[in-house]
Structure formats: C-alpha cells, structure tokens
Amino acid sequence: MATASSFASAFAGTNDFSFAGQCLRGSQLPCIVKPKQKKAETGALNTRAETQSEESPVSLNKSKAASLTALEQLKASSANRYTKERSSILVIGLSVHTAPVEMREKLAIPEAEWPRAIGELCSLNHIEEAAVLSTCNRMEIYVVALSWHRGIREVTEWMAKTSGIPLGELRQHLFMLRDNDASQHLFQVASGLDSLVLGEGQILAQVKQVHKVGQGVLGFERNIGGLFKHAITAGKRVRSETNIAAGAVSVSSAAVELAIMKLPKDGIFFAKMLVIGAELIYKPLTEMLNSAAEADVVFTSTASETPLFLKEHAEVLPPVSAKMGGIRLFIDIAVPRNVAVCVSEVNSSRVYNVDDLKEVVDANKEDRQKKALEAQVIIDEELRLFEAWRDSLETVPTIKKLRAYAERIRIAELEKCLSKMGDDVSKKNRKLVDDLSRGIVNKLLHGPMQHLRCDGSDSRTLSETLENMHALERMFSLESDIFVLEQKIRAKIEQAQK
C-alpha cells in the first residue's frame, strides 16, 4: 500500500501525455484532415499498395513489363513532379487531442514491434523511410515519401488494416502534417509542448528510444534519423534553457490530483492506495486481487495488452469503507487500458482513464501558454538548423559524383604521366607527382564545392544552390535526378517482387 505523499515517486517512468487546446500559430496547428473522395489518379507511379495485397499473384514477366512501363513513363515526362520536388517528410497520427482512448489503444504498437512496422511501411510503394512513435497518448507515423499525397493514402490504409478500424472512421481522428509543419510538430512533442502536462519529461525519453531502436533498422535512414536527432536536441535545450519544467506536474501527480478530486473531503488522508506497475503484472491474479481488496484507490500503468481487471473481478472485491464514500476508484493511465470498461458497471466501482486527466490539467492554461511561447523560440532556432541540414543533403549526390568524375580524370592522367617518365622514377618522386595532381584537383573543385553548400553558414538560398547543382550536372554530364529516381523505383519494384 502507498499513501498519497509517497505515490508520486512510485509512478516515475509513465508515458507521454498531451494536453488539449495547445495554442499554436496558423499552419503549425496539427489539424484534423478529412480527405474528400478522390478522383482516379494517373502518372508514372500510379500503383497502389492495397491493390498488390488484394490481387492474385501475377507472373514475373507481367510484373517486369509493368515495371518497364512505369519507368518509361517516368523518363518520358521531364516535368514529372517526382523529379521537380524532393521527398516529403510526413507525420500521420492521432493523439489525445484528436481521438478517444478507445481508438488509440487499437492503434498502439509495442516497442518490440516497431522494427516490423517500419519494414511494412517502407514496403509501401511511395514510402522510403519510416519511424513509429507510440505512447499512451499518441500514435504517430513519421515517413519520408516520394509523393506526399500518395504517401498519406498508403499510410492511412496501412493504419486501418493493422488496427481493424474502418478507414472512414479513422480519418475523422487523424492529423496529417507535411515537411516543416511535420518537423515542428515532433520538436514540440520532444519539448513537452504537446503533452497533457506541459513540460512532462518522459516524452523526451520516448523520442530518444525511437531513435535508439531505429539504429540499424532498414527503413530508419538518414532523413528520419536526422529529424529525431534534431528533435532530441531541441527537447534538451527547451528543458535546460527555460523554466518549462520548473514545478511541472508529472502525469503521476496529475493522476493523484484526480483521485483527490474524486475522493470525499479529507478522504485523501485516510485512503489506502495500490499502484500496479510493470513488476506487478507478473504476479498471480489472486495476489493482485487480494491487494486490490485492501485498497480504496487502484492506480494502473502497465504495458499489458489485455485488461488486468474485468467486471467479475470488481464484483468479488469487498466494498470500501463508508468514510471513502463506499466507492473504489480505478485510475487507469495505461494504453491499452488495464481496467476494462465493464468494471464501471459495478455499482461500487468508478473507472477513470488517461482522457480524464484533462480535468486536472485544464486549470492553468494561461501559464502553460506563456511557457510554451518561451520554448517556441528555441524550437524555431533548432528547426532552422534542421531545415538547413536537410537542404544540404540535396547536393550530396552531386558532390560525390563530381569528386568521382574528377578523380577518374586525375588517375587516368597520372598513369599516363608516370608511364612516360619510365620505370626508374623513385617512389618519392611518384608520391610527389601524385600529391601534385591531388592538390590541383582539390583547388579546382574548391570553387564549385563552395557553391554547392547550403548548410545555413552563408546567405546562399536553396534555389541558388540547386541552380548551381544542375549547372554542374549539365557541364560535366553527371547523372540526373531522373536516374536517381529510377534507381529508387527499381528498388521498390524489386522489393515488391520478392
């Protein structure tokens, strides 16, 4: 048993909770997007993941023919949007802001299943990279998509399929954000701005865990990995450079406050409390019920995927004292829930879940919004750094190709020179000639390389850098974006045929 004074420390390590009504500016708001009925789409990559899963197997020749057709269509369309726009970062998900706990628990993905989910998402036609952030109060899918609108369609259909929730019903509760808005959302989540209890620290640890689990997982690649890494930096800065966490109420403390609100006056001084955490889910059922029989308030927060308390369990528990109002409180902050809904049908029991914590945290909205504005300044700074870093990735393939092109010429000319000099050239002189050729190449490449930089260290814009990149590709006959995209498409087709 635990008294109220010792309970807060016992709940350390609970999951992320988001507060409703966070005030953000304009497009920064995570809006609920309810798509209209779409017309049939055409284009180079007009394939659907769901069609592949529903159709009967086709012959290899037919698959190859379809693959070639898609590639030929792509090559024939120089203005195709896939070659004009870089891949988009998307977040598609739901949280306590948009969906009730009954829906969130159906979509929850245990940490052990994250790598599998990433693999399934990256097998979709237009998804290159993916990550899963699944906590008590949110389930968010972050992806890098070749086509943002088709990527959204494929991910939402995957979510409906894995959860068993009809797509039409699911869409009513989803939010969908793209590129800068998607990045900003994750930065705010990691900073605790999107938490039910502002500044709550456990969510930063959960974002770190996503990054840690993703290491080495095929599909958790450079863009998504960089996004989470920068979000972690933002979260750390917000906590160290602002007072957002000063005096912050934790999720466990909010649960205690809810209990105080629901208990009779002065009942908190006499109430017996039971905390069921991760360690207790492995105890025998009879032992757990015996402990619950002595408690006036039962708090649950475990990772169990099935309820620990059912109606028949609550019915056999002895009534609590009249001093406690004769009602046993079950405060369940787990997702999926540890206490079944039917327990509330027992007259001597009352059940509260994570959504009921809003009643506690809605009290100090004005103070939370002031703190959020301080933190947003830091988030904006880190967001600019991330966007500059991502912009710099656009020119990396061209830089590599240009260096390789120059190196091939250097090696060829060096071999010609050394062959003319004869076999009696000393090792020292050979090295001098080699170093000379390297120095000449490096000095010649220095100017072009400087004009391919786009990391925020100078005033050059991304459009200027991309113009320089395309000019260099034309001048030196380097591989075009069409070739790079063709390689991505081939990889997707080969993956689908396995």
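Keep in mind that this is a model prediction, so the values were computed, not measured. (Residues numbered from 1 in each chain as written. Predicted model: local features only at pLDDT ≥ 70, side-chain atom pairs only at ≥ 80, totals over all residues. Heavy atoms only, no water.)

### Some thoughts on the overall build of the protein chain
Heads up, the rule is: The helix count covers DSSP runs of H or I at least four residues long, the strand count covers runs of E at least two residues long, and both are numbered beginning at the N terminus. Summary of the burial criterion: residues with accessible area below 20% of their type's maximum are buried, those above 50% are exposed, and those between are partly exposed, where the area comes from a 1.4 Å probe applied to protein chains only. The contact criterion used is simple: two residues touch if any of their non-hydrogen atoms lie within 4.5 Å. Under the convention used here, a 1.4 Å probe and the Shrake-Rupley method define accessible areas, while residue burial counts only the protein chains that appear.
The secondary structure content of the protein chain amounts to 20 helices and eight strands. Across the 498 residues in the protein chain, those meeting the buried criterion constitute 47%. Long-range pairs, those at least 24 residues apart, make up 78% of the contacts in the protein chain with a sequence separation of at least 6. Accessible surface, the protein chain as shown: approximately 24800 Å² in total, 54% of it carbon and sulfur.

### Concerning the pattern of salt bridges
Where side chains of opposite charge bring their charged atoms close, a pairing between them can arise. Put simply, the test is: Between Lys or Arg on one side and Asp or Glu on the other, a salt bridge is scored when a side-chain nitrogen of the former is within 4 Å of a carboxyl oxygen of the latter.
Counted according to the given criterion, the structure contains 18 salt bridges. Where Glu120 meets Arg116, a salt bridge forms, and the shortest distance between an N and an O atom there is 2.8 Å. Of this pair, Glu120 and Arg116 both sit in helix 6 (residues 114-122), four residues apart, roughly one helical turn. Judged by its relative accessible area of 39%, Arg116 falls in the partly exposed class. The salt bridge involving Asp194 is made with Arg138; its shortest N-O contact spans 2.9 Å. Note that Asp194 is positioned in the loop between helix 9 (180-191) and helix 10 (202-214) and Arg138 in strand 3 (residues 138-145), a separation of 56 residues in sequence. Among the residues examined, Asp194 registers a relative accessible area of 4% and is labelled buried. Residue Arg138 is classed as buried on the basis of its relative accessible area of 1%. Ionic contacts of the salt-bridge type, sharing partners, join the residues Arg237, Glu241, Glu381 and Glu382 into one network.

### What to know about the sheet that holds strand 4 (residues 175-178)
Note the cut-off: Paired strands, in this sense, are two strands between which DSSP finds at least two bridges. A fitted line through C-alpha atoms serves as each axis, taken over the contacting stretch for helices, and the angle formed by two N-to-C directions is quoted from 0 to 180°.
Pairing within the open sheet is antiparallel, and its four strands lie in the order 2-3-1-4. In the strand order of this sheet, the two ends are held by strand 2 (127-135) and strand 4, each with one partner. The average undirected angle you get between the axes of adjacent strands in this sheet is 15 degrees.

### A word on the packing of helix 17 (residues 396-421) against helix 18 (residues 427-450)
Filter applied, for reference: Our angle categories are set so that under 35 degrees counts as roughly parallel, over 145 as roughly antiparallel, 65 to 115 as roughly perpendicular, and the remainder as oblique. The sense of a crossing depends on the near helix, which, turned anticlockwise from the far helix by less than a right angle, makes the crossing left-handed and, turned clockwise, makes it right-handed. Classification used: nonpolar for Ala, Val, Leu, Ile, Met, Phe, Trp, Tyr, Cys and Pro, charged for Asp, Glu, Lys and Arg, polar for all others including Gly.
Following both chains from N to C, one finds helix 17 and helix 18 inclined at 150 degrees, their axes separated by 10 Å at the closest point. The orientation of helix 17 with respect to helix 18, classified from their angle, is roughly antiparallel. Classified by chirality, the crossing of helix 18 by helix 17 is right-handed. Each of Ile399, Leu402, Arg403, Ala406, Glu407, Arg410, Leu414, Cys417, Leu418 and Met421 in helix 17 lies in contact with helix 18, whose residues at this interface are Arg430, Val433, Asp434, Ser437, Arg438, Val441, Asn442, Leu445, Pro448 and Met449. Here the residues of the contact of helix 17 with helix 18 sort into twelve nonpolar, two polar and six charged.

### Here we look at the nonpolar core
Put simply, the rule reads: Nonpolar cores were defined as sets of buried Ala, Val, Leu, Ile, Met, Phe, Trp, Tyr and Cys residues, with membership established by side-chain atoms within 4.5 Å.
Ranked by internal contacts, the top residues of the largest apolar core, which has 65 residues, are Ile92, Ile141, Tyr142, Met159 and Leu170. For this core, the leading source of residues is helix 11 (residues 222-241), giving seven residues. Residues in contact with Tyr142, not counting those within four places in the same chain, are Leu90, Val91, Glu129, Ala130, Ala131, Leu133, Ala182, His185, Leu186, Ile224, Leu227 and Phe228. Counting residues in hydrophobic clusters, the runner-up holds 27 residues, among them Met324, Leu329, Ile333 and Val361.

### Things to note about the sheet that holds strand 5 (residues 273-276)
Pairing within the open sheet is parallel, and its four strands lie in the order 5-6-7-8. Edge positions in the open sheet fall to strand 5 and strand 8 (349-352), since each of these has one partner strand only. Between one strand axis and the next, the sheet turns through 15 degrees on average, direction left out of account. Taken together, the four bridges between strand 7 (residues 328-332) and strand 8 define a ladder with parallel strand orientation.

### Let's talk about the side chain of Ser437
With respect to the element layout, Ser437 can be found in helix 18. Not counting residues within four places of it along the chain, the set of residues in contact with Ser437 comprises Arg410 and Leu414.

### Quick look at a nonpolar patch on the surface
Using the following cut-off: Each patch is built from salt-bridge-free residues with over 30% relative accessible area, joining like charges within 9 Å and nonpolar side chains (Val, Leu, Ile, Met, Phe, Trp, Tyr) within 5 Å.
The grouping of Leu436, Ile440 and Leu444 at the surface amounts to a nonpolar patch, some 330 Å² of accessible area in total. Here Leu444 shows up in helix 18.

### So, the packing of aromatic side chains
Aromatic rings in a pair are described by how distant their centres are and how their planes are angled relative to each other. Stated precisely, the cut-off is as follows: A pair of aromatic rings is counted whenever rings of Phe, Tyr or Trp (Trp by its six-membered ring) have centres within 6.5 Å, and the orientation is called stacked for planes under 30 degrees apart, edge-to-face for over 60 and tilted otherwise.
For the structure on display, the rule yields five aromatic pairs. Taking the centre distance of 5.4 Å and the plane angle of 80 degrees together, the rings of Tyr142 and Phe228 count as edge-to-face. Of this pair, Tyr142 sits in strand 3 while Phe228 sits in helix 11, placing them 86 residues apart in sequence. The two residues Tyr142 and Phe228 agree in class, both being buried.

### Concerning the packing of helix 9 against helix 11
The packing of two helices is summarised by the inter-axis angle and the distance between the axes. The contact between helix 9 and helix 11 brings their axes to 8 Å, and the two run at 45 degrees. Overall, the two elements helix 9 and helix 11 adopt an arrangement that is oblique. Here the hand of the crossing between helix 9 and helix 11 comes out right-handed. Contacts between helix 9 and helix 11 involve Ser183, Leu186, Phe187, Ala190 and Ser191 from the former and Leu227, Phe228, His230, Ala231, Ala234, Gly235, Val238 and Arg239 from the latter.

### Observations regarding the pairing of strand 5
Burial of the side chains of strand 5 extends over both faces: Met273 and Val275 are buried on one face and Leu274 and Ile276 on the other. Two strands pair when backbone bridges link them, and strand 5 and strand 6 (residues 297-300) are joined in this way by four bridges, in the parallel orientation. Following the sheet pairing, Ile276 is matched in strand 6 by Thr300.

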